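Spelled out from the first residue to the last, the chains are:
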Amino acid sequence: MTAFDALGHLLGPRFSTTLAARKQNAGNEAHYDEVLPDAVAFPESTEEVAEIVRICAAHGLPIVAFGTGTSLEGQHLAVNGGISLDFSRMNKVLEVHAEDMNVVVQPGVTRKQLNEELRATGLFFPVDPGADASLGGMAATRASGTTAVRYGTMRENVLALEAVMADGSVIRTGSEARKSSAGYDLTHLLVGSEGTLGLITELTLKLHGQPEAVAAATCRFDDVAAAVDCVILTIQSGIPMARIELVDEMMVRGFNLHSGTTMPEKPHLFLEFHGAPDAVREQVSSFREIASDAGAQGWQEAETTEARSALWSLRHGALPAIGALDPRPGKRTYSTDVCVPISQLAEAIAAARAEAETRALTCTIVGHVGDGNFHCGLRFDPADPAEIAEVLAFSGALAKVALRLGGTVTGEHGIGLGKQGYMDAEHGAAVAIMRRVKTAFDPQAILNPGKLLPPES
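Reading the values: rules and limits
Residues numbered from 1 in each chain as written. Predicted model: local features only at pLDDT ≥ 70, side-chain atom pairs only at ≥ 80, totals over all residues. Heavy atoms only, no water. Salt bridge = Lys/Arg side-chain N within 4 Å of Asp/Glu carboxyl O. Helix = DSSP H or I, 4+ residues; strand = E, 2+ residues; numbered from the N terminus. Buried < 20%, exposed > 50% of the residue type's maximum accessible area, 1.4 Å probe, protein only. Pairing = 2+ DSSP bridges. Polar contact = N/O pair within 3.5 Å; in protein donor to acceptor, adjacent residues only side chain to side chain. Contact = heavy atoms within 4.5 Å. Axes fitted to C-alpha atoms, helices over the stretch in contact; angles between N-to-C directions. Phe/Tyr/Trp six-rings, centres within 6.5 Å; stacked < 30°, edge-to-face > 60°.

**Q** Explain the pattern of salt bridges residue by residue, including any values.
**A** What the rule picks out here adds up to 25 salt bridges. Residues Glu-48 and Arg-14 are paired through a salt bridge, measuring 2.8 Å at the closest nitrogen-oxygen approach. With Glu-48 in helix H3 (residues 46-59) and Arg-14 in the loop between helix H1 (3-11) and strand S1 (15-16), this residue pair connects regions lying 34 residues apart in the sequence. For the salt bridge of Arg-281 with Asp-278, the shortest nitrogen-to-oxygen distance reads 2.2 Å.

Here you go:
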């Protein structure tokens with residue numbers, strides 16, 4: 001019996017080799033070409049995932065996990081063929097432990113779905129990468145986003161997990177306790193492993209109390225350096241910002257073109273404050289004092305829930321707004337990110353802007369600047385080898401800047417396909433240890449092959 005025969009017998013119509021099903025999991029929101037898996041499996045339980053893996057392991061068939069397909073470095077693309085393991089049917093919130101402020105979910109639950117189900121509890125899950133990503137995918141890529149400056153990334157918000165390993169065995173790691181000193185931290189080895197070490201089938205996540213009061217605002221600066229100086233002073237002053245986001249003048253132009261806004265085309269900070277009403281007022285007052293000294297202008301508050309939602313929808317719509325800057329047919333957006341110590345942020349952003357101008361690239365800069373992470377979006381023609389070379393050279397130059405300044409080549413997009421070439425420069429001899437870990441966990445290399453670790457020379 002072939003692997004496909006066995007999988008079809010196990011799953012029936014939830015195992016598909018049709019072109020339509022394969023194409024559904026073949027694309028991405030970034031710049032990578034479409035990659036068709038050989039088939040798509042739709043499990044509904046951990047037991048089914050384990051049996052799928054056993055069948056694939058017996059036949060040496062690659063397995064690539066698929067959540068919602070929003071990753072930006074092609075982590076979900078089946079570049080070596082095999083099975084796309086689609087978790088969309090494993091989308092149940094299993095248990096809410098309000099008294100312990102945690103929740104147990106299947107990996108296909110999306111962050112918006114979870115927060116909708118939590119609404120009546122007074123709790124919420126804060127990690128917000130912008131896209132309505134699956135929580136399993138967010139854990140696998142160690143996602144973060146606009147609220148990480150206050151609430152942390154997926155690394156800080158995953159307490160425990162269940163995973164199917166490469167031989168089909170099932171393990172549970174971590175617990176509901178907020179801390180532990182018991183054994184190797186396998187939970188946080190699997191978080192961020194991009195599906196190369198195990199397949200996450202259940203997550204226990206930390207929850208937070210919904211803030212009693214929320215304030216949001218924007219302000220603008222004459223240049224990026226002044227905005228970044230304001231951010232650095234704010235963080236060093238200990239103001240507990242919930243969000244502090246930078247958008248440069250090119251990104252503002254994209255917003256205006258795409259959404260019909262009329263923002264002055266200067267660098268802006270998008271801000272949010274959480275807490276008790278008096279505390280929020282104090283945070284706003286303290287920030288405004290720092291911002292005024294840094295040359296801020298045009299302070300505007302989003303005073304209603306609807307206005308706040310519109311503000312953050314604008315920020316989260318950066319990717320399509322970048323397209324408005326160069327809407328010619330066939331153009332795509334190359335998105336890359338780095339993260340540096342906040343003291344080095346101004347230098348890193350200045351280097352990115354200079355590199356883009358030198359290469360005559362249409363480039364926007366947006367960033368979760370409270371933690372030193374920023375993103376560059378560049379328009380290019382995938383049919384033009386010269387333009388492809390320019391954006392790749394830009395990404396390489398920016399990666400070198402980040403490493404020189406004591407940072408990392410990616411703060412949240414991950415390695416996936418696009419940044420494997422920088423792993424040796426960032427990690428040196430530790431890459432060999434990572435290879436040993438991969439071999440120990442996945443000796444046949446069937447779990448998301450071709451990702452994260454660079455090919456051995």
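**Q** How would you sum up the pairing of strand S10 (residues 199-206)? Please name residues and give values.
**A** Counting buried positions along S10 yields eight of eight residues, so the element is predominantly enclosed. The pairing of strand S6 (residues 102-105) with S10 spans four bridges and is classified as antiparallel. Note that in S10 the partner of Val-104 across the bridge is Thr-204. Relative to S10, strand S8 (residues 158-164) runs antiparallel, the two sharing six bridges. Within S10, the position partnered with Glu-162 by the bridge is Glu-202.

**Q** How would you explain the side chain of Thr-146 if you had to name every residue and give the values?
**A** Along the chain, Thr-146 turns up in the loop between helix H5 (135-140) and helix H6 (148-151). We classify Thr-146 as buried; its relative accessible area is 3%. At 2.7 Å, the side chain of Thr-146 and the side chain of Arg-243 are in polar contact. Setting aside anything within four residues of it in sequence, one finds Thr-146 in contact with Asp-128, Ala-242, Arg-243, Glu-245, His-316 and His-368.

**Q** Any details on the sheet that holds strand S2 (residues 39-41)? Residues and values, ideally.
**A** Taken in spatial order, the four strands of this open sheet run S1-S2-S4-S3, and their pairing is mixed. Of all strands in the sheet, those with a lone pairing partner are S1 and strand S3 (63-66), marking the two edges. Relative to S2, S1 runs antiparallel, the two being bridged by two bridges. Across the sheet, residue Ser-16 finds its bridge partner in S2, namely Val-40. Sitting on the sheet, H3 touches S2, S3 and strand S4 (83-86), and the angle it makes with S4 is about 175°.

**Q** Help me get a handle on the sheet that holds strand S5 (residues 93-97), residues and values and all.
**A** Strands belonging to one sheet form pairs held by backbone hydrogen bonds; the direction of such a pair is parallel or antiparallel. Ordered in space as S5-S6-S10-S8-S9, the five strands form an open sheet in which the pairing is antiparallel. The open sheet has two free edges, formed respectively by S5 and strand S9 (170-174), since each of these has just one partner strand. The sheet shows a mean angle of 15° between the axes of neighbouring strands, direction not considered. Each of S8, S9 and S10 is contacted by H3, which is oriented at about 50° to S8, the strand it contacts most.

**Q** Explain the packing of aromatic side chains residue by residue, including any values.
**A** Taken as a whole and assessed by the stated rule, the structure comprises six aromatic pairs. A centroid spacing of 6.2 Å and a plane angle of 70° characterise the contact between Phe-270 and Trp-312, whose relative ring orientation is edge-to-face. One end of the pair, Phe-270, is in strand S14 (residues 268-275); the other, Trp-312, is in helix H12 (residues 305-316), and 42 residues separate them in sequence. Phe-270 sits in the buried class, given a relative accessible area of 0%. Given a relative accessible area of 5%, Trp-312 falls into the buried group.

Keep in mind these values describe shape, not function.
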